[in-house]
Amino acid sequence: MLGRIRRIGGWRRRWQARSRIQKMDLYTRNTMKAMLWFFMLTWGGLPLLAAGPRSALVSALGVAVLVLNIAQCVLGTRRIDLAYDDYLGHGTFSRRLLVAPVVLLGAGTALLAALTALDTRSVFPLLLTDLPIALMIPYALLVPARTFLLHCLGYAALVVAFFAAAGVRGMQLVVPLPMVVAAGALMLITVRPGAWGLRNMWQAEEAKDVQARLAVAEERLRFGRDMHDVLGRNLAVIALKSELAVQLAERGRPEAVAQMIEVQRIAQESQREVREVVRGYREADLAVELDGARGVLEAAGIDCAVTGAAAGLPAGVQSALGWVVREATTNVLRHGNARRCAIRLAADGPAVTLVVENDGVPDRAPAAPGSGLAGLRERLAPMGGTLEAARTGERFLLTVTVPLHSAAELGEELTV
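Residues numbered from 1 in each chain as written. Predicted model: local features only at pLDDT ≥ 70, side-chain atom pairs only at ≥ 80, totals over all residues. Heavy atoms only, no water.

## Thoughts on the overall build of the protein chain
Inference 1: The helix and strand inventory of the protein chain stands at 14 helices and five strands.
Inference 2: Looking at the protein chain as a whole, 36% of its 416 residues are labelled buried. (Helix = DSSP H or I, 4+ residues; strand = E, 2+ residues; numbered from the N terminus. Buried < 20%, exposed > 50% of the residue type's maximum accessible area, 1.4 Å probe, protein only.)

## Some remarks on helix H12 (residues 315-334)
Inference 1: In this model, H12 (20 residues) spans 29 Å end to end at C-alpha, consistent with the 28 Å of a helix rising 1.5 Å per residue.
Inference 2: For H12, the complete set of buried residues consists of Gly316, Val317, Gln318, Ser319, Ala320, Leu321, Gly322, Val324, Val325, Ala328, Thr329 and Val332. (Expected span 1.5 Å × (residues − 1).)

## Brief notes about the pattern of salt bridges
Inference 1: Counted by the stated rule, this structure contains 13 salt bridges.
Inference 2: Residue Arg294 is joined to Asp291 by a salt bridge in which the shortest nitrogen-to-oxygen separation is 3.3 Å. Here Arg294 and its partner Asp291 are both found in helix H11 (residues 286-299), three residues apart, which amounts to about one turn of the helix.
Inference 3: What makes Arg294 partly exposed here is its relative accessible area of 27%.
Inference 4: Classification of Asp291 by relative accessible area gives partly exposed; the value is 48%.
Inference 5: The partner of Asp359 in a salt bridge is Arg339, and the shortest N-O contact between them spans 3.6 Å. Placement of the pair is Asp359 in the loop between strand E3 (351-358) and helix H13 (372-380) and Arg339 in the loop between H12 and strand E2 (340-348), with a sequence separation of 20 residues.
Inference 6: Judged by relative accessible area, Asp359 falls into the buried class, the value being 3%.
Inference 7: Judged by its relative accessible area of 42%, Arg339 is partly exposed. (Salt bridge = Lys/Arg side-chain N within 4 Å of Asp/Glu carboxyl O.)

## Digging into the packing of helix H6 (residues 133-142) against helix H7 (residues 145-165)
Inference 1: Relative orientation of the contacting elements H6 and H7 amounts to 150°, with a least axis distance of 9 Å. In terms of axis orientation, H6 runs roughly antiparallel to H7. The crossing of H6 and H7 is right-handed. Counting all contacts with H6, which are made through Met136, Tyr139 and Ala140, the residues of H7 involved are Phe148, His151 and Cys152.
Inference 2: By residue class, the composition of the contact of H6 with H7 is five nonpolar, one polar and no charged. (Axes fitted to C-alpha atoms, helices over the stretch in contact; angles between N-to-C directions. Parallel < 35°, antiparallel > 145°, perpendicular 65-115°, else oblique. Left-handed = near helix turned anticlockwise from the far one by under 90°. Contact = heavy atoms within 4.5 Å. Nonpolar A, V, L, I, M, F, W, Y, C, P; charged D, E, K, R; others polar.)

## Some thoughts on the side chain of Gln72
Inference 1: Relative to the helices and strands, Gln72 resides in helix H3 (residues 56-88).
Inference 2: Overall, the relative accessible area of 3% leaves Gln72 in the buried class.
Inference 3: Dropping the residues within four chain positions of it, Gln72 is found in contact with Pro101, Leu104, Leu105, Leu131 and Ala134.

## Topic: the nonpolar core
Inference 1: Among the nonpolar cores identified, the biggest contains 50 residues, and Tyr84, Ile137, Phe148 and Met187 are the most heavily contacted of them.
Inference 2: When residues of this core are traced back to their parent elements, those giving at least two are helix H2 (20-50), H3, helix H4 (99-118), helix H5 (124-130), H6, H7 and helix H9 (176-250).
Inference 3: At nine residues, H6 tops the list of elements feeding residues into this core.
Inference 4: In this structure Phe148 touches Met136, Tyr139, Ala140, Val143, Gly184, Met187 and Leu188, once residues within four positions along its chain are discounted.
Inference 5: Within the second largest apolar cluster, 31 residues are counted, among which are Val306, Leu345, Val400 and Val402. (Core = buried A, V, L, I, M, F, W, Y, C linked by side-chain atoms within 4.5 Å.)

## Thoughts on the UniProt feature "transmembrane region" (unreviewed entry) in the protein chain
Inference 1: The sites that UniProt annotates as "transmembrane region" (unreviewed entry) are residues 60-77, 97-117, 148-167 and 173-191.
Inference 2: The span residues 60-77 is 100% helical and 0% strand by assignment, and the distance between its end C-alpha atoms comes to 26 Å.
Inference 3: Strand forms 0% of residues 148-167 and helix 90%; the C-alpha atoms that close the span are 29 Å apart. (UniProt positions renumbered as here; feature names shortened; annotations may be inferred.)

## Some points on the packing of H4 against H7
Inference 1: Here H4 crosses H7 at 40°, and the two axes come no closer than 9 Å. Relative to H7, the element H4 is oriented oblique. Viewed along their axes, H4 and H7 form a crossing whose handedness is right-handed. Contacts between H4 and H7 involve Leu105, Gly106, Thr109, Ala110, Leu112, Ala113 and Thr116 from the former and Tyr155, Val159, Phe162 and Phe163 from the latter.
Inference 2: Of the residues assigned to the contact of H4 with H7, the class counts are eight nonpolar, three polar and no charged.

## Some points on the sheet that holds E3
Sheets are built from strands that pair by backbone hydrogen bonding, the pairs being arranged parallel or antiparallel.
Inference 1: Strand order in the open sheet formed by five strands is E1-E2-E3-E5-E4, and the pairing between neighbours is mixed. Edge strands, defined here as strands with exactly one partner in the open sheet, are strand E1 (303-307) and strand E4 (386-392). Across the sheet, the axes of successive neighbouring strands diverge by a mean angle of 10°, strand direction being ignored.
Inference 2: In this structure, E1 lies alongside E2, joined through five bridges in parallel fashion. Bridged to Thr307 within E2 is Arg344.
Inference 3: Seen against the sheet, H12 touches E2, E3 and strand E5 (395-403) and runs at an angle of roughly 10° to E3.
Inference 4: Each of E4 and E5 touches H13; the most contacted strand, E4, lies at about 150° to it. (Pairing = 2+ DSSP bridges.)

## Structural notes on the pairing of E3
Inference 1: Among the eight residues that make up E3, six are buried, leaving the element largely enclosed by the rest of the structure.
Inference 2: The pairing of E2 with E3 spans eight bridges and is classified as antiparallel. Across the sheet, Arg344 pairs through a bridge with Val355, a residue of E3.
Inference 3: Count of turn residues in the E2/E3 antiparallel hairpin: two residues, of which Gly349 carries a positive phi of about 65°.
Inference 4: Where E3 lies against E5, eight bridges are found, and the strand directions are antiparallel. Bridging from a neighbouring strand, Leu354 pairs with Val400 of E5.

Now the structure itself:
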């Protein structure tokens, strides 16, 4: 009993550790597998049981049809995952994997034709509708819809030929055509739309990752352009004036000293400009970060409530807390499966407090802690700030406190 409880707990933890798109993917695949076995039990198994006592040969053929149907479901269950991977672009489905299901379908159809010819009481239409489903579910994901329907018509014609060869006549020979087409249409409208929606969700998830990488690359390019604009011209001038100073010094000209003084001035000016570029790169505007966090989280489907205002806080405090908001927002998007997030900013007497709270934290923590929170603690340390991260159940709480008097004493140097 204890082992069963542990297994249930393990399944629950693994489920919660998945992202929303991974949960939807798993749910869609398992739904198709469950539907396959549901049809086998209802449309494939119940008609054979409901037919009542029959001759030994007819009973043996019925059991053989049922065994083949079960074998089809076993193969179909394994092929569904591969077909979804192929449709989503996560893998390649080898067409050789269709050989065994096609052979089983042909053998089952032949047995069903013989069964119908021997026993006119057989309720074969439901059996005929169920037999191709194990192949239709993965096949609907591998070929275009038009090709799928044409192949369903071809299979229906083949079924009619099998039944005619077995000696079936009258309406029993006509019924297979609409039944097979109906089964194919049902699988098409059931499987394809769900897979199409799942593919769009995966593409949106991949697009979000690409967008994040592009944003990082764009920021690096911007920083690189700024550094080039600041240093490129000044370094060229320093090189020219240094070369001129060397030539003047070799000739014993006193102007060499003036040139080196000018080189020193340009180098100091370049150093100042580089500091300004780095300061602008490292500073984070708290109000902008709060608005950006709300927009990014809501765009990701996470309800975000922001309370408090950044106005009146020292520039150094705003910069440090802006980085906290940025890192916390990244963690909410990257880890867990949050549905709600609350960001609260409050200046309480001599200190300002920032609290970021979100739900949807996975049970399984990362194997190694990231460097983001450690970097924030290093950034807050010069101004006496503290950062605490706590987890309670599925909720994660990040609390930052910064003394205002220490920040005011440090001033703008905090952002350099």
